[in-house]
Amino acid sequence: MSNPCILCVAITGSLPTKANNPAVPIIVSEQIESAHEAFEAGASICHAHVRNDDQTPSSDPEKFAALKEGLEKHCPGMVIQFSTGGRSGAGKTRGGMLPLQPDMASLSVGSNNFPTRVYENPPDLVDWLAGEMRTHHITPEVEAFDLSHILQAIRLHQEGALYGKLYVQFVMGVKNAMPADKEVFDLYVDLVKRRAPKANWCAAGIGANQLIVNEWAIAAGGHTRTGLEDNVRLDRQTLAPSNAALIRRAAELCDKYERPVATWQQAREILDVPLRG
């Protein structure tokens, strides 16, 4: 019972809408309420996107500012992680919220195929986003959709391009990217342990892969992400009633493998992300 598991809740994302599941939080007040429920259920990181009122993706810094203020008030201590993902904007607009100084921000360090498009992360944009994170003392969560992204993250961290402690998330199950494959997952874990032994890692499964990837990560001693961004269902017949319900399901897996759910204090210690004074 000495290896706490950090549970990250991805509350909204860029794709799910209320037509997919009415519980998807869209406006900032809904996001704050949903994150608060997940926080109380055991989530210590909130991975956050923002949306326009018509549910389309946004990179509006004002919306991020309102969300950050609400999370700090209603989820005190929770690690706030903003998305710089490519579905929410183009070029440097993807990092327009970084001067708000969230604790963490997602960072994709390479390009790959998505279901209907190429997810473009050219080296100059990666360097700029990483530089903005260094400037504002923001720890990146590297979202790895491919083996090359893990190797690139390790190299960038060794060269001092990434602020803080290295944290890599394996994203598995995106169509046309890396599938949820146990042999590949095991390779990822072994690679990070050997080449970046001081790094932390987590894993996220997309859609129907969410639960199995949660279990792989928890069983292997890593951390994991769940939430309505990645999966709107509990099973094929049942919509997830909330982000908190998905966090509670992951917490049950932690019990199964005799791992305590990390408190926000433990998560900050593990990730070396102190509260800003």
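Residues numbered from 1 in each chain as written. Predicted model: local features only at pLDDT ≥ 70, side-chain atom pairs only at ≥ 80, totals over all residues. Heavy atoms only, no water.

Operational definition: UniProt positions are given in the numbering used here, feature names are shortened, and annotations may be inferred rather than shown by experiment.
Per an unreviewed UniProt entry, the protein chain goes by the name 3-keto-5-aminohexanoate cleavage protein and belongs to Tritonibacter mobilis F1926. Of the comments in the UniProt record for the protein chain, the one headed Cofactor (unreviewed entry) reads "Zn(2+)".

Let's talk about the overall build of the protein chain
Using the following cut-off: The way it works is that DSSP assigns letters per residue, a run of H or I at least four long becomes a helix, a run of E at least two long becomes a strand, and they are numbered from the N terminus. For this measure, only C-alpha atoms enter the radius of gyration; the expected value for a globule follows 2.2 Å times N^0.38, where N is the number of residues. Accessibility here uses a 1.4 Å probe with only protein chains present; expressed as a share of the type maximum, an area under 20% marks a residue as buried, one over 50% as exposed, and anything in between as partly exposed. Contacts: residue pairs with any heavy atoms within 4.5 Å of one another. Only the protein chains shown count as cover for residues, with accessible areas throughout obtained via the Shrake-Rupley method and a probe of 1.4 Å.
Helix and strand counts for the protein chain come out as 8 helices and 14 strands. The C-alpha radius of gyration computed for the protein chain amounts to 17 Å, which stays within 12% of the reference 19 Å derived for 277 residues, consistent with globular compactness. Counting only C-alpha atoms and orienting by the principal axes, one finds that the protein chain spans roughly 45 × 45 × 40 Å. Counting across all 277 residues of the protein chain, residues that qualify as buried make up 56%. In the protein chain, 70% of the contacts between residues at least 6 apart in sequence involve partners at least 24 apart. In the form shown here, the protein chain has an accessible surface area of approximately 11,700 Å², with 51% of it arising from carbon and sulfur atoms.

Looking at the packing of helix α1 (residues 28–41) against helix α2 (residues 61–74)
As a reminder, the rule being used: Only the contacting stretch of a helix is used when fitting its axis, a line to C-alpha atoms as for every element, and angles between N-to-C directions run 0 to 180 degrees. By the definition used in this description, the sense in which the near helix is turned from the far one sets the handedness, with an anticlockwise turn below a right angle giving left-handed and a clockwise turn giving right-handed. Polarity classes work like this: nonpolar for Ala, Val, Leu, Ile, Met, Phe, Trp, Tyr, Cys and Pro, charged for Asp, Glu, Lys and Arg, and polar for all others, with Gly in that last group.
In contact at an axis separation of 9 Å, α1 and α2 are set at 35° when each is read in the N-to-C sense. The two elements α1 and α2 meet at a crossing, and its hand is right-handed. Side by side, α1 and α2 meet where Val 28, Gln 31, Ile 32, Ala 35 and His 36 of the first sit next to Lys 63, Ala 66, Leu 67, Gly 70, Leu 71 and His 74 of the second. Residues belonging to the contact of α1 with α2 are distributed by class as follows: 6 nonpolar, 4 polar and 1 charged.

With respect to the packing of aromatic side chains
Here is the rule: Put simply, two rings from Phe, Tyr or Trp (the six-membered ring, in Trp's case) pair if the centres are within 6.5 Å, and we call them stacked under 30 degrees between planes, edge-to-face over 60, tilted for the rest.
Under the criterion given, the structure shown has 9 aromatic pairs. On the basis of an interplanar angle of 25° and a centroid distance of 4.6 Å, the ring pair of Phe 114 and Tyr 119 is categorised as stacked. You'll find Phe 114 and Tyr 119 in the same group, each marked buried. With centroids separated by 5.6 Å and ring planes inclined at 45°, the aromatic side chains of Phe 185 and Trp 216 adopt a geometry described as tilted. Of this pair, Phe 185 sits in helix α5 (residues 182–195) while Trp 216 is found in helix α6 (residues 210–219), placing the two residues 31 residues apart along the sequence. As far as burial versus exposure is concerned, Phe 185 and Trp 216 are alike and both buried. Every member of this aromatic cluster is reached through a ring pair, and the members are Phe 170, Phe 185, Tyr 188, Trp 201 and Trp 216.

Thoughts on the pattern of salt bridges
Worth spelling out the cut-off: Here, a salt bridge means any side-chain nitrogen of Lys or Arg that lies within 4 Å of a carboxyl oxygen of Asp or Glu.
The full count for this structure, using the stated rule, is 10 salt bridges. One salt bridge connects Glu 72 with Lys 68, and the closest N-O pair in it is separated by 2.8 Å. Here Lys 68 and Glu 72 lie together in helix α2, a separation of 4 residues that amounts to about one turn. For Lys 68, a relative accessible area of 14% gives the class buried. Notably, a salt bridge pairs Asp 230 with Arg 225, separated by 2.8 Å at the nearest N-O pair. With respect to burial, Asp 230 and Arg 225 carry one shared label: buried. One network of salt bridges, with partners in common, ties together Glu 143, Arg 225, Glu 229 and Asp 230.

Concerning the pairing of strand β10 (residues 167–172)
Here is the rule: Here the rule is simple: two strands pair whenever DSSP picks up at least two bridges between them. Orient the strands so they point away from the viewer, and a crossover whose first-strand-to-second-strand path over the helix runs clockwise is right-handed.
Within β10, 6 of the 6 residues are buried, which leaves the element mostly enclosed by the surrounding structure. Of the strand pairs in this sheet, strand β9 (residues 139–144) and β10 are connected by 3 bridges, and their pairing is parallel. When the bridges of β10 are listed, Val 142 appears paired with Val 168. Crossover β9 to β10 through helix α4 (residues 147–158) is right-handed. Examined bridge by bridge, β10 and strand β11 (residues 200–205) share 6 bridges and lie parallel to one another.

Things to note about the sheet that holds strand β5 (residues 79–82)
Spatial ordering of the closed barrel is given by β1-β2-β5-β6-β9-β10-β11-β12, a layout of 8 strands whose pairing is parallel. Adjacent strand axes in the sheet meet at a mean angle of 25° when their direction is disregarded. As paired strands, β5 and strand β6 (residues 104–107) are joined by 2 bridges and run parallel to one another. Residue pairing for β6: Gln 81 is matched across the bridge by Met 104. Against the sheet, α4 touches β9 and β10, its axis set at about 155° to β9.

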